[in-house]
Amino acid sequence: MEISQNTNTTDRKFALPVDSEHKSTEFRLFSIASPHMRAFHLSWISFFSCFVSTFAAPPLLPIIRDNLNLTATDIGNAGIAAVSGAVFARVAMGTACDLFGPRLASSSLILLTAPAVFLSLIANSPAAFLMVRFFTGFSLATFVSTQFWMSSMFSPNVVGTANGLSGGWGNLGGGATQLIMPLVYSLIHTNIGSTKFTAWRVAFFIPAFFQMLSAYAIFFLGQDMPDGNYVRLEKSGEKHKDSFSQVFYHAITNYRGWILALTYGYCFGVELTIDNIIAQYFYDRFNVNLHTAGIIAASFGLANLFSRPGGGILSDVVAKRFGMRGRLWTLWIVQMIGGLLCLLLGKIGSLSGSVAVMLVFSVFVQAACGLTFGVVPFISRRSLGVISGMTGGGGNVGAVLTQVIFFRGSRYSTEDGISLMGVMIMCCTLVILLIYFPQWGGLFCGPRKGVTEEDYYLSEWTTAEKEQGFHKMSLKFSENSRRERGKKGESVPLPSDKETPSTFV
Amino acid sequence: MDQFHAMFAVGYLMLSCFAATCYGVTFSSLHKTLIVSASSPQGHVLKAGEDELTIKWEVNQTFPPGTDSTYKTVKLKLCYAPESQKDRPWRKTVDDLKKDKTCQHTIIARPYTPSNNSFIWTVDRDIPSAMFFVRAYVYDGQGVAVGYGQNTDRSKTADLFTVHAITGRHVTIDVASVCFSVFSVGSLVGFFYMERRKGKVSLVK
C-alpha cells in the first residue's frame, strides 16, 4: 500500500477513472473535466493557434510579395526559416517540460513568440519578413509540450489516442489558416475599405491575439499533472526536482529516440514541406487559379482532423492485442505506404488523379505521425520531455532537409522532387526495424526472457537516487505499461520481491 | 440555299470565335499599330497614390489605312519591366495572352478613336514598388486583341517608370503592435512572479 506525505491527493476524487499515477484511463472527448480533459482541450487549442500563426503568411503571399518586393528566392528562404527555428526549440521545450512542467513551458513559449506575430504587421523588407517567419516558427515547439502533457495526464492504454487527437487537431491550424486568413483579409479590405497593403497587416492581429489568449488560458486554467502543478508538488516533496544533466544524458543515450527522430522527419517533416509547396505545385502544373490551389492546399492540412488521431487510436487498438510490437509494425507499414503514395503523386499527370492521390497520401502520412507518438511515451519515463523534443525536432529537420534537397532552385522539377521525396521516405523508414525493447521485443524479435518493465525504466536511475526515492513515478509507470506486452504476454514474469515498494516510503 | 448559306455563315463565325478564344491570341501575332507615349511632371520616379502619369496614344500612320477598321476598344495597362520580373514567376511573360502575366494593372478602357487621345492617371495606391512601362491593347467587337502599342522599345528597357509603393503601415498599427508585444512579454514576467509566490505560500502551509 502506498503511503503519501500529503493525504489530500490520495483522497482526491477525479471525474474520470484513473490509474495509480492518477492518469486517466478513459478519453472522453466532449468533457472538459479538470484536470485531464481540460488539459487536452487547452493543449490542442493553443497548438492550433501556433500553427495558424506560423502558416498565416502563405495564403496572403500574393499581396505580401508585392508589398515587400519579395523574389521567389526570398519566399523559399522564409518558408525554410519558418520550420527551421523549431528544430532546436523543440528539444529545448522538451527539457523545459521535464524541469518546469508543460503548463509554464508552453505558456512561456507562446507569450514569447506572440511578439513575432505582432511585429509581422510592421515588416517592411524581405529581411524583416524572414525574421518574423523564423521567430514565429519557434511557436511550433508547443507540439512537444502538448504531447508531454497528454502523456502525463493519460494512461498508456489511451495515450496514443490523446496524443494523436491533440497533435492532429493542432496541425489542423496549418490547413485552417489557408481559409481563415484570406477571409479576415477580405473582410478588412472590402468591408472596412483599407488598401490591400494595410489590410493584410491588420489581418495578422487575429492570429496574434488568439495565440496570446490561449497562453493565458493555459496559465490560469491548466495544471501540469493530475495531482497539481510542479511548483507545489516539488515544494511538498511529492515530486522530486530532477537534474537537467541526468535527464538530458538519459535521453541522448537512448538510441530509440534518435531512430524515431529520423523517421518522424519523414512523416511530419514531409507534411510541413507539402504545406509549403503544394499550392504552387497545383497552380503551376495544372493551371488552377490561386483560390482553387489554396483550397486544395487547405484540404491536405484539414485531413488532420481525423487522420492523425486515427493513427493514435489505431496504435492503442493494436496494442491491446499485440502490445508494443503491434504499435511498431503498424507504424512501419503505414509510413511505408505513405512513401509509396508520395512517389505516385509526382508521377500522376491528371488534376483529379493528383488530388485523389494527395488526399489518400495525406491520411497515411498524418496517421504515421499519430502512430509515432503512440510509441514515444514508452521510450523513456525520466526523460519523456527531451525524447518528445528530439522526435519533434527531428520532424522539423526532415522538413528543412526535404525542402533544401528537392524544392529549392531548379535542380528538380516539383513533380520529380515529390517522387524522389517518396523514395527517401521509404528508405528512412527502414530503420524502425532496429528498434528493440528488451521487455517487449521489436519488429522481428520477441522479448528477452526474464526482463521486466521495471528493469527497463529503473535503469535510468542510479542506486543512490533510488535510495532517496526519486524513482517513484517510474515504478508506477512500469506497472501501468505492462499492457504493452499484448494479450500473449500476460503470463510473462513480473518483478521479483526485491523491488517491492517498501524501500521508498 | 439561303438557309444553307446563313447556317454556314453563322457556323463559320462561331467557329472563328471559338478558334480565337480556344487557340489564344499570341502577343507575337500582334502588330504595333499604336504609338503610345507617357510622361509625368515628376520625371520617371512616381509615388503610388500621389503622382500622375499622362498617357497619349494614336494610330501608327505607317500602317496601311483601314488597318484599324475592326478596332473597337482600347485598354491601357501598366506592365512589369524585365528587371522587375526577375526571380518572380508570378509576373512571367508568356506569348499566349491568356497566360501572360506581364500586364496585371489596368489603367483605363476607352472606345477607340484614331487620334487626339490622352488620359491623366493618378497611380493607384495598390501598385507595388517596381519598374513599369505602359502598353495599350486594342480589341475588336468580339473582345479579341488585334493590335497593341507601348511607350517602350522591343527589349522593354527604354523609357521605364519606377513606382515607389505605399508601405501600408500606419502609426496606429505600429504603436498597437509594439504595445501588445511588450504587454505579451510583460504578462509572462507577471506569471513567473505569481508562480513563485504560490510556491512560497504552499511551503508555509
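Everything numeric in this text was worked out from a predicted model, so none of it was measured. (Residues numbered from 1 in each chain as written. Chains lettered and ligands numbered in written order. Predicted model: local features only at pLDDT ≥ 70, side-chain atom pairs only at ≥ 80, totals over all residues. Heavy atoms only, no water.)

Participant: Any chance you could break down helix H10 (residues 205–221) of chain A for me, citing the residues and the numbers?
Facilitator: Compared with an ideal rise of 1.5 Å per residue, which puts 17 residues at 24 Å, H10 of chain A spans 24 Å between its outermost C-alpha atoms and is within 8% of the ideal. Along H10 of chain A, the residues classified as buried are Phe205, Pro207, Ala208, Gln211, Met212, Ser214, Ala215, Tyr216, Ile218 and Phe219 of chain A. (Helix = DSSP H or I, 4+ residues; strand = E, 2+ residues; numbered from the N terminus. Expected span 1.5 Å × (residues − 1). Buried < 20%, exposed > 50% of the residue type's maximum accessible area, 1.4 Å probe, protein only.)

Participant: With reference to specific residues and values, describe the pattern of salt bridges.
Facilitator: Residues and elements named next belong to chain A. In the structure shown here, the tally under the stated rule is 16 salt bridges over all chains. Close ionic contact of Arg381 with Glu21 constitutes a salt bridge, the shortest N to O distance being 3.6 Å. One end of the pair, Arg381, is in the loop between helix H17 (351–375) and helix H18 (384–406); the other, Glu21, is in the loop between helix H1 (7–11) and helix H2 (36–54), and 360 residues separate them in sequence. Note that Arg482 and Glu453 form a salt bridge whose closest N and O atoms lie 3.0 Å from each other. Highlighted residues: Arg482 in the segment after helix H22 (472–480) and Glu453 in helix H20 (residues 453–458), separated in sequence by 29 residues. Because the salt bridges share partners, they merge into one network encompassing Glu453, Glu454, Arg482 and Arg485. (Salt bridge = Lys/Arg side-chain N within 4 Å of Asp/Glu carboxyl O.)

Participant: Describe the interface of chain B and chain A, listing the residues and the values that go with them.
Facilitator: With 40 residues of chain B at the contact, the number on the chain A side is 39 residues. Regarding the contact of chain B and chain A, the summed buried area is about 3,500 Å², with carbon and sulfur atoms giving 65% of it. By the criterion of area lost to chain A, the three top residues of chain B are Trp90, Phe191 and Glu195 of chain B, representing 18% of everything that side buries. The tally of links between chain B and chain A comes to 3 salt bridges. A salt bridge links Glu195 of chain B to Arg103 of chain A; the nearest nitrogen and oxygen atoms lie 2.9 Å apart. (Contact = heavy atoms within 4.5 Å. Buried area = accessible area lost by both parts, 1.4 Å probe.)

Participant: Break down the sheet that holds strand S1 (residues 34–39) of chain B for me, citing the residues and quoting the values.
Facilitator: Residues and elements named next belong to chain B. Judged by pairing direction, the sheet is antiparallel, and its 3 strands sit side by side in the order S1-S3-S6 without closing on themselves. At either end of the open sheet lies a strand with only one pairing partner, and these are S1 and strand S6 (117–122). Shown here is a sheet whose adjacent strand axes are inclined to one another by a mean of 20 degrees, direction ignored. (Pairing = 2+ DSSP bridges. Axes fitted to C-alpha atoms, helices over the stretch in contact; angles between N-to-C directions.)

Participant: Give me the lowdown on the UniProt feature "transmembrane region" (unreviewed entry) in chain B, citing residues and values where you can.
Facilitator: The positions that UniProt labels "transmembrane region" (unreviewed entry) are, in the present scheme, residues 175–194 of chain B. As a span, residues 175–194 of chain B carries 100% helix and 0% strand, and end to end its C-alpha atoms are 28 Å apart. (UniProt positions renumbered as here; feature names shortened; annotations may be inferred.)

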